[in-house]
Amino acid sequence: MSSVDHTPSESAPDAQQWVDVQASDDFIELKHRLRKFVFPVTGLFLAWYLLYVLLADYAHGFMSTKVFGNINVGLIFGLLQFVSTFVITTLYVRHANKNLDPLAEKLRGEIEGDGK
């Protein structure tokens, strides 16, 4: 959500304005920037999760290897799933702030008539 205060303009954008924005170079670039981040990161996370599931199912000996005390490899891998989720979230927020939000704000200004 944007932290910029916003009041809607007198008239809402019509369907043709939305079509024009979607066909614009800036919107196409915005989609490209989003997909360039989301698809690879999603693929990597799913591969990491699949590795965890496969190891848990087929490598019982490895996953039950004690690292220290009652902490084993499986528990560490499971906790790393949560850590990786927070890391991905942090990376996405940084990516969005730097690469997506400025262009999205520009497009928003154009469609709402702010002329930014």
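Residues numbered from 1 in each chain as written. Predicted model: local features only at pLDDT ≥ 70, side-chain atom pairs only at ≥ 80, totals over all residues. Heavy atoms only, no water.

## Here's the deal with the overall build of the protein
So, step 1. Looking only at helices and strands, the protein has four helices and two strands in total.
So, step 2. When the helices and strands of the protein are read in sequence order from the N terminus, they spell out α-α-α-β-β-α.
So, step 3. The contacts of the protein with a sequence gap of at least 6 include a subset with a gap of at least 24, amounting to 63%.
So, step 4. In the structure as shown, the protein presents an accessible area of about 8,700 Å², 65% of it carried by carbon and sulfur atoms. (Helix = DSSP H or I, 4+ residues; strand = E, 2+ residues; numbered from the N terminus. Contact = heavy atoms within 4.5 Å. Areas by Shrake-Rupley, 256 points an atom, 1.4 Å probe, with all protein chains shown as cover.)

## Details of the nonpolar core
So, step 1. If you look at the biggest cluster of nonpolar residues, it comprises seven residues: V21, L30, A96, L100, L103, L107 and I111.
So, step 2. Here this core takes five residues from helix α4 (residues 73–112), the largest share from any one element.
So, step 3. Sequence-distant contacts of L107, that is, excluding residues within four places in its chain, are made with V21, S24, D26, F27 and L30.
So, step 4. Among the nonpolar cores identified, the runner-up in size contains five residues, and L55, M63, V73 and F77 belong to it. (Core = buried A, V, L, I, M, F, W, Y, C linked by side-chain atoms within 4.5 Å. Buried < 20%, exposed > 50% of the residue type's maximum accessible area, 1.4 Å probe, protein only.)

## Considerations on the UniProt feature "transmembrane region" (unreviewed entry) in the protein
So, step 1. On the UniProt side, "transmembrane region" (unreviewed entry) is annotated at positions that read residues 37–55 and 67–93 here.
So, step 2. Between the first and last C-alpha atoms of residues 37–55 the distance is 27 Å; the span itself is 100% helix and 0% strand.
So, step 3. The span residues 67–93 is 78% helix and 15% strand, and its two end C-alpha atoms sit 33 Å from each other. (UniProt positions renumbered as here; feature names shortened; annotations may be inferred.)

## What to know about the packing of aromatic side chains
So, step 1. Scanning all chains against the criterion turns up four aromatic pairs.
So, step 2. Summarising the aromatic geometry, the rings of F37 and Y92 are spaced 5.7 Å apart at their centres and angled 50 degrees between planes, so their arrangement reads as tilted. Linking F37 in helix α2 (residues 25–58) with Y92 in helix α4, this pair joins segments that are 55 residues apart in sequence.
So, step 3. Under the relative-accessibility criterion, F37 is labelled buried at 15%.
So, step 4. Consider the rings of Y49 and Y52, whose centres lie 6.5 Å apart with planes at 45 degrees: the pair is tilted. Taken together, the residues Y49 and Y52, both in helix α2 and three residues apart, mark about one turn of the helix.
So, step 5. One aromatic cluster is present, formed by W48, F62 and F77 through successive ring pairs. (Phe/Tyr/Trp six-rings, centres within 6.5 Å; stacked < 30°, edge-to-face > 60°.)

## Structural notes on the environment of S84
So, step 1. Looking at where S84 falls in the secondary structure, it is placed in helix α4.
So, step 2. We classify S84 as buried; its relative accessible area is 16%.
So, step 3. S84 sits 39 residues away from F45 along the chain, and the two C-alpha atoms are 7.9 Å apart.
So, step 4. The contacts of S84, once residues within four sequence positions are left out, are F45 and W48.

## What to know about the packing of helix α1 (residues 15–23) against α2
So, step 1. For the pair α1 and α2, interaxial distance at closest approach is 4 Å and the crossing angle is 60 degrees. It follows from the interaxial angle that α1 and α2 lie oblique. Contacts between α1 and α2 involve V21, Q22 and A23 from the former and D25, F27 and I28 from the latter.
So, step 2. By residue class, the composition of the contact of α1 with α2 is four nonpolar, one polar and one charged. (Axes fitted to C-alpha atoms, helices over the stretch in contact; angles between N-to-C directions. Parallel < 35°, antiparallel > 145°, perpendicular 65-115°, else oblique. Nonpolar A, V, L, I, M, F, W, Y, C, P; charged D, E, K, R; others polar.)

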